[in-house]
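Survey of secondary and tertiary structure
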Amino acid sequence: MGFWVLGVFFICAVVCIGNAVGIEEKCDFFQGRWVRDETYPLYMAEECPFTEREFNCQKNGRLDDLYLKFRWQPNGCDLQRFDGQDFLEKFSGKSIMFVGDSLSRNQWQSLTCMLHSSVPQAQYNVTRVGDISIFTFMDYDVKVMLHRSVYLVDVVLEKIGRVLKLDSINGGKIWKNIDMLIFNTWHWWNRRGPSQPWDYIQIGKKILKDMDRMVAFEKALRTWANWVDFNIDPTKSMVFFQGVSPSHYNGTSWGEPSAKNCVREKLPLLVSTYPGGLPPALGVQKGVISRMKKAVQFLDVTNLSLLRKDGHPSMYGLGGPAGMDCSHWCLSGVPDIWNEILYNLIL
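In what follows, the accompanying structure is described. In this text, all values refer to a predicted model and were calculated from it rather than measured experimentally.

The rules behind these values
Residues numbered from 1 in each chain as written. Predicted model: local features only at pLDDT ≥ 70, side-chain atom pairs only at ≥ 80, totals over all residues. Heavy atoms only, no water. Disulfide = S-S within 2.5 Å. Helix = DSSP H or I, 4+ residues; strand = E, 2+ residues; numbered from the N terminus. Buried < 20%, exposed > 50% of the residue type's maximum accessible area, 1.4 Å probe, protein only. Pairing = 2+ DSSP bridges. Axes fitted to C-alpha atoms, helices over the stretch in contact; angles between N-to-C directions. Contact = heavy atoms within 4.5 Å.

**Thoughts on the state of the cysteines**
Across all of its chains, the model carries four disulfides by this definition. Residue Cys27 pairs covalently with Cys77 via a disulfide, S to S 1.8 Å. Judged by the sign of its S-S torsion, about -50°, the cystine formed by Cys27 and Cys77 is left-handed. Taken together, the residues Cys27 in the loop between α1 (2-11) and β1 (32-36) and Cys77 in the loop between β2 (70-74) and α2 (84-90) connect sequence positions 50 residues apart. Like Cys27, the residue Cys77 is buried in the burial classification. If one numbers only the bonded cysteines of the chain, in the order they occur, the disulfide pattern is 1-4, 2-5, 3-8, 6-7.

Here it is as structure tokens:
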């Protein structure tokens with residue numbers, strides 16, 4: 001019980017306030033810079049036998065490894081290094097669920113790799129039921145789950161076709177009674193053409209062929225926020241929302257106008273602020289969360305991730321050179337730092 005009382009205290013604290021190592025005053029873990037550290041990464045990809053091919057850049061032929069040798073250094077404090085055994089002991093008998101798109105899958109797989117490499121002899125089991133993947137550390141009775149829900153709100157097949165319902169979230173019933181939830185959505189909101197998984201948008205009784213995507217995004221987030229406010233008991237469940245995970249397809253944004261994607265990028269930007277600015281969707285996320293009744297911790301990873309133009313699979317992902325991937329992240333890599341910050345926020 002003591003752990004959950006402590007957890008609630010931190011959730012209800014000011015957004016982005018952490019438990020800094022050796023620092024009693026507040027520390028914003030999300031403001032800082034990348035520094036080289038030869039003790040990183042936290043694990044090597046070969047230590048994680050279940051790493052999916054699309055994230056396993058080294059196995060796919062990436063020869064440079066300097067991108068693995070950086071850690072995030074907040075201004076004015078230090079992050080406590082991730083301790084997988086401690087994490088599992090804290091969550092013994094409990095459940096964790098990532099909810100969102102393939103960036104949530106990226107982070108989910110990162111955390112399972114971090115935990116497995118910390119306790120490599122511990123028994124584990126991986127199962128999948130529909131849109132839910134379940135990684136169970138049996139020795140600790142800890143479930144780390146992934147629910148694929150790219151919009152968070154419902155997409156329903158009806159007579160007219162696939163309908164994206166901005167004010168419906170019936171799929172949320174499986175989020176109830178989870179001890180820690182980490183939500184994410186953004187990357188699918190601007191998809192059009194064959195990759196768009198809906199035919200119509202519905203708001204109330206109004207059905208539209210399309211609408212301003214940022215307006216639709218904000219409406220869906222409000223629906224999700226209302227669901228959390230109505231359904232989540234903060235004394236029993238910890239709730240986090242992951243900020244926008246950025247892509248790198250335009251070198252002008254980071255001072256290399258000739259770069260059309262992230263291929264052959266080998267170093268992060270060693271500054272504190274991304275020169276190309278922050279995406280507007282981030283402001284929408286923060287605005288919605290700031291007006292919620294229930295406390296939700298915002299994982300403000302956008303700026304620190306923008307600085308990591310070197311961290312994507314590029315031509316070393318699932319599609320090879322023909323499927324240039326500057327949206328997802330190599331593992332080991334940047335999502336490990338997201339999870340290291342998450343760990344510090346629950347200490």
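**Comments concerning the sheet that holds strand β9 (residues 180-183)**
On the basis of which strands lie adjacent, the open sheet formed by seven strands has the order β4-β5-β6-β3-β9-β12-β13 and mixed pairing. Each edge of the open sheet is held by one strand with a lone partner, namely β4 (124-129) and β13 (297-299). Sheet twist, expressed as the mean angle between neighbouring strand axes with direction ignored, is 20°. Where strand β12 (residues 238-242) meets β13, three bridges bridge the pair, whose relative direction is parallel. In the sheet register, Phe240 faces β13, and the bridge partner there is Gln297. Packing of helix α3 (residues 102-118) onto the sheet brings it into contact with β3 (95-100), β4, β5 (132-137), β6 (142-148), β9 and β12, and relative to β6 it is tilted by some 165°. Its contacts with the sheet place helix α5 (residues 280-290) against β12 and β13, and it is angled at close to 170° to β13.

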